[in-house]
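Survey of secondary and tertiary structure
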Amino acid sequence: MKRFATDHIRNVALVGHGGSGKTSLAEALLHRAGAINRLGRVEDGTTVCDYDPEEHKRGISLSLSVAPFVWRDHKINLIDTPGYADFMGDVSAALRIADLAVFVVSAVDGVEVQTEVAWKMAAERGLPRMVFVNKLDRERASFDGTLAQLRDRLGAGIAPLELPIGEEARFRGIADLLTDQAHIYDGGRPHTEEIPEDMEALEHEVRDNLVEGIVVADDAMLERYLEGESLTLDELEHTLHDGIAEATVFPVVVGSATREIGIDRL
């Protein structure tokens with residue numbers, strides 16, 4: 001078995017309200033990384049992280065589980081946590097040793113109670129956080145409504161890096177706000193296109209808001225931006241990286257775990 005230096009190991013906790021799709025997301029990440037050769041389903045009791053017979057019977061996670069995989073020469077210890085109130089002790093244990101918490105939020109149900117509870121727990125520890133808006137392919141999914149709830153209930157620093165392309169059953173891809181590119185998915189694999197014409201105005205507006213949110217943490221960069229100077233992608237990514245590490249900026253990305261849209265980008 002390959003050994004990894006400490007600086008090449010990441011402990012990443014998946015947290016959020018029950019039913020938001022954490023276990024399905026863990027399955028998709030493992031599949032995309034090549035750790036498993038087929039995608040299991042919670043409904044069938046075939047996922048890696050829900051292995052207990054009682055979990056199969058109930059269709060929910062009852063305890064945390066760890067699923068490691070390798071990505072870009074790093075070992076990722078993925079910690080799938082239960083989402084219901086009775087099991088918040090496991091969530092607390094996961095957050096204690098995590099380097100990053102990925103909050104999985106359903107685009108159908110929005111920000112629910114246990115998501116807010118876990119967010120406060122992570123904030124008390126100063127833990128870097130990001131949000132994966134899941135289930136954008138489902139009926140009644142709303143990215144705009146979910147983003148508004150994230151800003152209202154989780155506080156300052158929410159920074160959408162992506163916009164969904166298509167709604168509900170027509171959800172098919174992601175608009176990357178930093179690169180101004182569209183990533184369209186077919187069978188979990190993307191190809192790159194120009195941003196659809198009907199999204200250009202919205203994409204530019206949201207991108208401008210994102211850039212302003214990034215540069216406000218760096219006085220020199222903010223001054224250059226206000227003077228109209230173009231900032232490079234590397235500069236924006238570096239400043240964004242620092243904001244995430246300091247737990248002052250919380251990026252929001254989008255996708256569908258069961259259809260493997262956005263999984264490679266996450």
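The preceding data block contains the structure.
Presented here is an overview of the structure given in this document. (Residues numbered from 1 in each chain as written. Predicted model: local features only at pLDDT ≥ 70, side-chain atom pairs only at ≥ 80, totals over all residues. Heavy atoms only, no water.)

Attention shifts here to the layout of surface pockets. Quantified by volume, the largest pocket comes out at close to 1400 Å³. Taken together, 35 residues line the largest pocket, and the ones lying closest to its centre are Arg72, Leu100, Met130, Arg265 and Leu266. Contributing elements (two or more residues each) for the lining of the largest pocket: β1 (9–15), α1 (22–32), β2 (65–71), β3 (74–80), β4 (100–106), β9 (181–186), α8 (233–245) and β11 (250–254). With five residues, α8 is the largest single contributor of residues to the lining of the largest pocket. For the lining of the largest pocket, the residue count by class is 21 nonpolar, five polar and nine charged. (1 Å grid on protein atoms, 1.4 Å probe; cavity = no way out; pocket = protein on both sides within 12 Å on 5 of 7 lines; lining within 4 Å. Points joined across faces, edges and corners; volume = space filled by probe spheres on them. Helix = DSSP H or I, 4+ residues; strand = E, 2+ residues; numbered from the N terminus. Nonpolar A, V, L, I, M, F, W, Y, C, P; charged D, E, K, R; others polar.)

Of note, arginine 140 is a non-glycine position whose phi angle comes to about 70°, a positive value. Note on placement: arginine 140 falls in the loop between β5 (129–134) and α5 (143–154). The phi dihedral of glutamate 260 is positive, around 55°, even though this residue is not glycine. Mapped onto the elements, glutamate 260 comes out in the segment after β11.

Turning to the nonpolar core, a few remarks are in order. Counting 78 residues, the largest nonpolar core has Val133 and Leu150 as the members making the most contacts within it. Here the element with the most residues in this core is β4; it accounts for six residues. Filtering out sequence-adjacent residues up to four positions away, leucine 150 remains in contact with Val105, Val111, Val131, Val133, Gly155, Ile158 and Val252. (Core = buried A, V, L, I, M, F, W, Y, C linked by side-chain atoms within 4.5 Å. Buried < 20%, exposed > 50% of the residue type's maximum accessible area, 1.4 Å probe, protein only. Contact = heavy atoms within 4.5 Å.)

Now for the sheet that holds β3. Judged by pairing direction, the sheet is mixed, and its seven strands sit side by side in the order β2-β3-β1-β4-β5-β11-β6 without closing on themselves. Strands at the two margins of the open sheet, each flanked by one partner only, are β2 and β6 (158–160). Along the sheet, successive strands turn relative to each other by an average axial angle of 25°, direction set aside. With six bridges joining them, β4 and β5 adopt parallel strand pairing. Bridge pairing links valine 102 to methionine 130 in β5. Across the sheet, α1 touches β1, β2, β3, β4 and β5, and the angle it forms with β2 is around 30°. (Pairing = 2+ DSSP bridges. Axes fitted to C-alpha atoms, helices over the stretch in contact; angles between N-to-C directions.)

How two helices pack is summed up by the angle between their axes together with the distance between the axes. In the contact formed by helix α3 (residues 88–97) and helix α4 (residues 113–124), the axes pass within 10 Å of each other and the chain directions differ by 35°. In this structure, the crossing between α3 and α4 has a hand that is right-handed. Facing Met88, Val91, Ser92 and Leu95 of α3, the residues of α4 in contact are Gln114, Val117, Ala118, Met121 and Ala122. Here the residues of the contact of α3 with α4 are counted per class, giving seven nonpolar, two polar and no charged. (Left-handed = near helix turned anticlockwise from the far one by under 90°.)

We now examine the pairing of β5. Most of β5 is tucked away: six of the six residues are buried. Side chains Arg129, Val131 and Val133 of β5 all project onto a buried face; the interleaved residues Met130, Phe132 and Asn134 project onto the opposite face, where all are buried too. With α4 bridging β4 and its parallel neighbour β5, the resulting β-α-β unit is right-handed. Pairing of β5 with β11 involves three bridges; the strand directions are parallel. Following the sheet pairing, valine 131 is matched in β11 by valine 252. (Right-handed = clockwise from strand over helix to strand, strands pointing away.)

Moving on to the pattern of salt bridges. All told, the structure shown has five salt bridges when counted by the stated rule. Between glutamate 162 and arginine 265 there is a salt bridge, and its shortest N-O distance comes to 2.8 Å. One end of the pair, glutamate 162, is in strand β7 (residues 162–165); the other, arginine 265, is in the segment after β11, and 103 residues separate them in sequence. With a closest N to O distance of 2.8 Å, arginine 224 and glutamate 235 form a salt bridge. (Salt bridge = Lys/Arg side-chain N within 4 Å of Asp/Glu carboxyl O.)

Overall, antiparallel pairing links the four strands, which are arranged β7-β8-β9-β10 in an open sheet. What marks the edges here is a single partner per strand, and that holds for β7 and β10 (189–193). The mean angle between the axes of side-by-side strands here comes to 30°, regardless of whether they run parallel or antiparallel. For strand β8 (residues 173–176) and β9, the ladder comprises four bridges, and the chain directions are antiparallel. Residue pairing for β9: alanine 175 is matched across the bridge by alanine 182.

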